[in-house]
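What follows is the residue order along each chain.
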Amino acid sequence: MKYQNSLAFAKQQDKEDSLAYLRDKFHIPKVKSEVLRRTEWLYFTGNSLGLQPKSTKEYINQELEDWANFGVEGHLEAKNPWLNYHELLTSKMAKIVGAKPIEVVVMNTLTTNLHLLMVSFYRPTKIKYKIVIESDAFPSDRYAVESQLKFHGFSAEDIIQWKPRENEELLNIEDLEKIVETQGDEIALLLIGGVNYYTGQFLDLKRIAAIGHSKDCVVGIDLAHGAGNVQPNLHDSNVDFAAWCTYKYLNSGPGSLAGLFVHEKHSKNKDLPRFAGWWNHNKETRFNMRQPFDVMAGAEGWQLSNPPILSMAAIKASLDLFDEVGMDALREKSEKLTGYFEFLIREIDSEYIKIITPSNPKERGCQISIQVKNADKSLHTKLTEQYIITDWREPNVLRCAPVPMYTSFEDVYRMVAILKGFLLV
Ligand SMILES: *Cc1c(COP(=O)(O)O)cnc(C)c1O
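Notes on the structure in this doc start here. No experiment lies behind these values; they were computed from the predicted model shown.

Glancing now at the overall build of the protein chain. Helix and strand counts for the protein chain come out as 13 helices and 13 strands. Taken over the C-alpha trace, the protein chain has a radius of gyration of 22 Å; the compact-globule value for 425 residues is 22 Å, and the two agree within 12%. The dimensions of the protein chain, computed from C-alpha atoms along their principal axes, are 70 × 60 × 35 Å. The burial tally for the protein chain puts 54% of its 425 residues in the buried class. Considering only intrachain contacts with a sequence separation of at least 6, the fraction spanning at least 24 residues in the protein chain is 71%. Total accessible area computed for the protein chain in this model is approximately 19,100 Å², and 50% of it derives from carbon and sulfur atoms. Side-chain charges in the protein chain split into 50 positive and 56 negative, and the spacing between the mean points of these groups amounts to 2 Å.

Before going further, it helps to examine the nonpolar core. If you look at the biggest cluster of nonpolar residues, it comprises 65 residues, and the most contacted ones within it are Leu190 and Trp244. If one sorts the elements of this core by residue count, helix α10 (residues 309-325) sits on top with eight residues. Each of domain 1 (7-53 + 326-423) and domain 2 (84-323) contributes no fewer than three residues to this core. Beyond its immediate stretch of four places on either side in the chain, Leu190 contacts Val132, Leu176, Val180, Ile208, Gly212, Cys217, Val218, Val219 and Gly220. Judged by nonpolar contacts, the second largest core, of 31 residues, contains Ile131, Phe241, Ala243 and Ala258.

In the structure shown here, the tally under the stated rule is 25 salt bridges. With its nearest N and O atoms 2.9 Å apart, the salt bridge here joins Asp17 to Lys333. Of this pair, Asp17 sits in the loop between α1 (7-16) and β1 (42-43) while Lys333 sits in helix α11 (residues 327-347), and the two are 316 residues apart along the sequence. Judged by relative accessible area, which is 14%, Asp17 ranks as buried. Salt-bridge contacts for Lys150 lead to Glu146; the nearest nitrogen and oxygen are separated by 3.5 Å. Taken together, the residues Lys150 and Glu146, both in helix α6 (residues 139-151) and four residues apart, mark about one turn of the helix. Accessibility expressed as a relative area gives 23% for Glu146, which makes it partly exposed. The structure contains a network of salt bridges with shared partners spanning Arg23, Lys30, Glu40 and Asp411.

Turning our attention to the sheet that holds strand β13 (residues 397-400). The strand order across the open sheet built from four strands is β9-β10-β13-β12, with neighbouring strands paired in antiparallel fashion. Among the strands making up the open sheet, the edge pair consists of β9 (353-355) and β12 (391-393). For this sheet, the mean angle separating the axes of adjacent strands, direction not counted, is 25°. By the bridge criterion, three bridges tie β9 to strand β10 (residues 368-372) in an arrangement that is antiparallel. Counted as the bridge partner of Ile355 is Ile370 from β10. Together, β9, β10 and β13 form the strand contacts of α11, whose direction differs from that of β10 by roughly 15°.

By the element assignment, Asp222 lies in strand β6 (residues 218-222). For Asp222, a relative accessible area of 6% gives the class buried. Taking the C-alpha atoms as reference points, Asp222 and Gly194, separated by 28 residues in sequence, lie 5.9 Å from one another. A distance of 2.8 Å separates the side chain of Asp222 from the backbone nitrogen of Ala224, its partner in a polar contact.

Our focus in this paragraph is the sheet that holds strand β4 (residues 159-162). Taken in spatial order, the seven strands make up an open sheet running β2-β8-β7-β6-β5-β3-β4, and their pairing is mixed. Edge positions in the sheet fall to β2 (104-107) and β4, since each has one partner strand and no second. Across this sheet, the average inter-strand angle for adjacent strands is 20°, counted without regard to direction. Where helix α4 (residues 87-97) meets the sheet, it contacts β2 and β7 (241-245), and its direction lies at approximately 115° from that of β2.

We now examine the site of the ligand. In the vicinity of the ligand, the contacting residues are Leu110, Thr111, Phe138, Asp141, Asp222, Ala224, His225, Tyr247 and Lys248. For the ligand, a nitrogen atom lies 2.6 Å from a polar atom in the side chain of Asp141. Taken by itself the ligand offers 390 Å² of open surface, and the protein chains cover 82% of this. Its residues assigned to classes, the shell around the ligand comprises four nonpolar, two polar and three charged.

How each quantity is defined
Residues numbered from 1 in each chain as written. Predicted model: local features only at pLDDT ≥ 70, side-chain atom pairs only at ≥ 80, totals over all residues. Heavy atoms only, no water. Helix = DSSP H or I, 4+ residues; strand = E, 2+ residues; numbered from the N terminus. Rg over C-alpha atoms; globule rule 2.2 N^0.38 Å. Buried < 20%, exposed > 50% of the residue type's maximum accessible area, 1.4 Å probe, protein only. Contact = heavy atoms within 4.5 Å. Areas by Shrake-Rupley, 256 points an atom, 1.4 Å probe, with all protein chains shown as cover. Lys, Arg positive; Asp, Glu negative; His and termini not counted. Charge placed at Lys NZ, Arg CZ, Asp CG, Glu CD. Core = buried A, V, L, I, M, F, W, Y, C linked by side-chain atoms within 4.5 Å. Domains from an automatic or database assignment. Salt bridge = Lys/Arg side-chain N within 4 Å of Asp/Glu carboxyl O. Pairing = 2+ DSSP bridges. Axes fitted to C-alpha atoms, helices over the stretch in contact; angles between N-to-C directions. Polar contact = N/O pair within 3.5 Å; in protein donor to acceptor, adjacent residues only side chain to side chain. Near = heavy atom within 4 Å. Nonpolar A, V, L, I, M, F, W, Y, C, P; charged D, E, K, R; others polar.

Geometric values such as these leave the question of function open.
See below:
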């Protein structure tokens with residue numbers, strides 16, 4: 001596709017965009033200043049907290065009303081009975097991550113799910129106990145892994161870091177291959193971010209699974225920055241487990257519930273050690289309350305508690321939108337939109353900026369991470385004062401996510417025009 005650096009071109013792209021109508025289904029925060037001629041924020045942080053669908057309020061209100069009208073009877077009498085409410089999310093969520101419904105459930109929050117999954121899938125022995133993570137893994141994942149190691153009597157020293165090469169920013173899969181080839185006999189688990197939160201690099205999950213399995217290591221993926229952003233094809237990738245939050249690209253509200261994936265090959269394995277509660281007990285006999293524990297098959301077999309319906313209602317509002325559009329169409333727009341963003345950034349004639357995200361659309365989602373030499377956080381502050389919301393990561397990276405659900409080509413054009421003004425002074 002041939003891009004042009006002009007507002008007219010951006011507007012023409014919006015006109016031709018069959019998904020442009022989606023923007024109006026979201027609340028875009030409003031500019032409260034007379035000085036700017038723009039009325040809406042330029043929001044580039046859907047990778048941190050997605051915007052609110054206008055339908056969310058209605059979905060939550062439905063549950064509030066049903067609670068008011070039915071009390072406890074709402075478990076069966078609500079328009080969407082609460083007893084099985086989570087099942088309304090399963091197949092839509094499964095499509096988003098390329099899984100079978102039996103492999104997916106929505107529950108808890110991301111770090112909690114990682115711990116519950118490690119209870120089952122991190123089974124260290126005296127010989128095989130180390131865990132591989134990326135050297136710039138998200139802090140919560142690192143802390144979770146470190147605490148699991150300590151819980152089993154090991155230490156932070158037993159983390160093996162997959163690092164970018166000297167003077168490089170991105171991970172090279174051959175280096176992971178080498179780590180597993182040489183140290184695989186000591187490695188119990190690979191826990192890797194499918195899309196790195198810092199660089200935006202989308203890794204080849206199928207290849208990571210094959211590398212790990214070649215030495216009998218379990219492979220788990222954190223998809224916080226992947227779900228709703230790229231198509232990870234979890235089932236075909238053959239990874240053992242995955243988890244992701246829903247408040248980033250999945251627009252389900254601050255601190256909303258998380259997704260969990262356990263590959264079908266483990267779905268009937270009742271011998272996997274795991275924690276239990278009444279919600280992973282066989283639902284046919286759950287309310288007899290007297291049976292010996294009988295674990296459910298599939299991902300539902302990792303649930304513990306009955307889930308918060310109000311939060312799930314917000315997830316349902318968002319997943320209904322994703323289902324209407326489909327990940328294929330969304331990805332198609334995303335590749336064009338992020339390609340345009342990248343093109344405009346590269347047009348800025350400055351030796352101080354460098355894009356560290358891969359250029360190949362197959363190796364990234366919508367996020368572009370821009371390294372700005374000699375800059376400090378004041379650049380980010382200046383952008384924020386113009387109601388351009390981006391994310392700053394020390395020491396010098398500006399993370400920007402033109403999210404295809406609600407970002408226009410015009411937004412991208414205007415954002416880069418203002419950024420350019422700050423960079424060239
Ligand atoms: C956002 C994010 C988290 C946050 O974890 P919570 O348990 O939802 O607070 C963890 N890991 C990664 C990789 C993330 O991007």
